[in-house]
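Results of the structural survey
One-letter residues, chain by chain:
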Amino acid sequence: MKKILMLLSFLACFNLANAIKIHSVGDLSALKSEKNINIKFTYEDMNVGSMSESAYLEKKVSEYNEKKAGRGDEFAKTWEKNKQDVYPISFIELFEKNCGVKCNTLGSEQYTLIVNTFFFEPGFNIGVVRKNAEISVVCKLVKTDEPDKGLAEITITNSPGRTVSGYDFDVASRVNEAYAKAGKECGKVVKKANK
C-alpha cells in the first residue's frame, strides 16, 4: 500500500512539473475590433518526442511495415491527414468559443494567426499504463499582407491531451485533446488582452 501511495504522489508531482505554460509577447489589440481572422497551421521544425518528425515517421513506417505490409504506409497517410483535417478543427473550435473571434482558413481577412507546432508527444495508452499526449505551439499574429512582421506571439508549452473516459487508445484522440486545450488557452489570452 505504501508503494502505491508513493507512486501516486510521484505521478502527481510529475504532472504538476509538466503543467501547461503560456507566454505572450507583443500587441494583440489589433483583434479588438476584428470579428474574423485567418488561421493557418504549420509544423515547421517539429520534434516528435526526442526525434525530428521525419526520423520518427521513418522509424514508425518501417516498424509497422515489418509487422504487416502496407500498415506503415497507411500510418504515414493518416498522420498527415490528422495534421491537416483533425487537429486544426479542435484548436479552432475552442479558440473561437473562448475569444469570440471566428477563424477563416481561406485567407481573406486582414489578420492571420499562424499556429506552428514545434513539439508533439503522441503518448500512449495500453490500458494499465499510459502517457498523455502533449504539444507545444507558437501562435503568431501577423498582418495577412505582411506575414514576416509579427504583431504578437503566444507560446503554449506542455498542452496535455487525454480523454476524460480514458478510452484514448489511438494517437489522434489523445492529440486532438491537446490541440483543443491549446486553442482554449490561446483564445483566453486574446480575450483578456482585448477587454
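Described below are features of the structure shown in this document. Please read all numbers here as calculations on a predicted model, not as lab measurements.

Turning our attention to the pattern of salt bridges. Here the structure, examined in full by the defined rule, presents 8 salt bridges. Between Lys83 and Glu53 there is a salt bridge; the shortest N-O distance is 2.7 Å. Separated by 30 residues along the polypeptide, Lys83 in helix 3 (residues 71–99) and Glu53 in helix 2 (residues 53–67) bring together distant segments of the chain. For Glu53, a relative accessible area of 13% translates into the label buried. Note that Lys59 and Glu63 form a salt bridge whose closest N and O atoms lie 3.3 Å from each other. You can see Lys59 and its partner Glu63 sitting in helix 2, 4 residues apart, about one turn around the helix. According to the relative accessible area criterion, Lys59 is partly exposed, its value standing at 40%. Relative accessible area serves as the criterion here: at 31%, Glu63 is assigned to the partly exposed category.

Let us look at the packing of aromatic side chains. With the rule as written, the count across this model stands at 8 aromatic pairs. Considering the side-chain rings of Phe41 and Phe91, the 5.5 Å spacing of their centres and the 85 degrees angle between planes classify their relative orientation as edge-to-face. Separated by 50 residues along the polypeptide, Phe41 in strand 2 (residues 36–42) and Phe91 in helix 3 bring together distant segments of the chain. In this structure Phe91 comes out as buried when scored by relative accessible area, which is 0%. Judged by centre distance (6.0 Å) and plane angle (55 degrees), the ring pair of Tyr87 and Phe120 falls under tilted. Remark: Phe120 occurs in strand 6 (residues 111–121) and Tyr87 occurs in helix 3; sequence separation between them is 33 residues. Note on Tyr87: relative accessible area 2%, which makes it buried. Residue class for Phe120 comes out buried when judged on its relative accessible area of 0%. Aromatic ring contacts, followed pair by pair, group Tyr56, Tyr64, Phe75, Trp79, Tyr87, Phe120 and Tyr179 into a single cluster.

Turning to unusual backbone geometry, a few remarks are in order. At Asp45, a residue that is not glycine, the phi angle is positive and equals roughly 55 degrees. Tracing the backbone through its elements, the reader meets Asp45 in the loop between strand 2 and strand 3 (47–48). Here the phi dihedral of Asn158 falls at roughly 65 degrees; this positive angle occurs in a residue that is not glycine. Among the structural elements, Asn158 can be located in strand 10 (residues 146–161). With a relative accessible area of 14%, Asn158 lands in the buried category.

Rules and cut-offs
- Residues numbered from 1 in each chain as written.
- Predicted model: local features only at pLDDT ≥ 70, side-chain atom pairs only at ≥ 80, totals over all residues.
- Heavy atoms only, no water.
- Salt bridge = Lys/Arg side-chain N within 4 Å of Asp/Glu carboxyl O.
- Helix = DSSP H or I, 4+ residues; strand = E, 2+ residues; numbered from the N terminus.
- Buried < 20%, exposed > 50% of the residue type's maximum accessible area, 1.4 Å probe, protein only.
- Phe/Tyr/Trp six-rings, centres within 6.5 Å; stacked < 30°, edge-to-face > 60°.

Worth remembering: the numbers are spatial, not functional.
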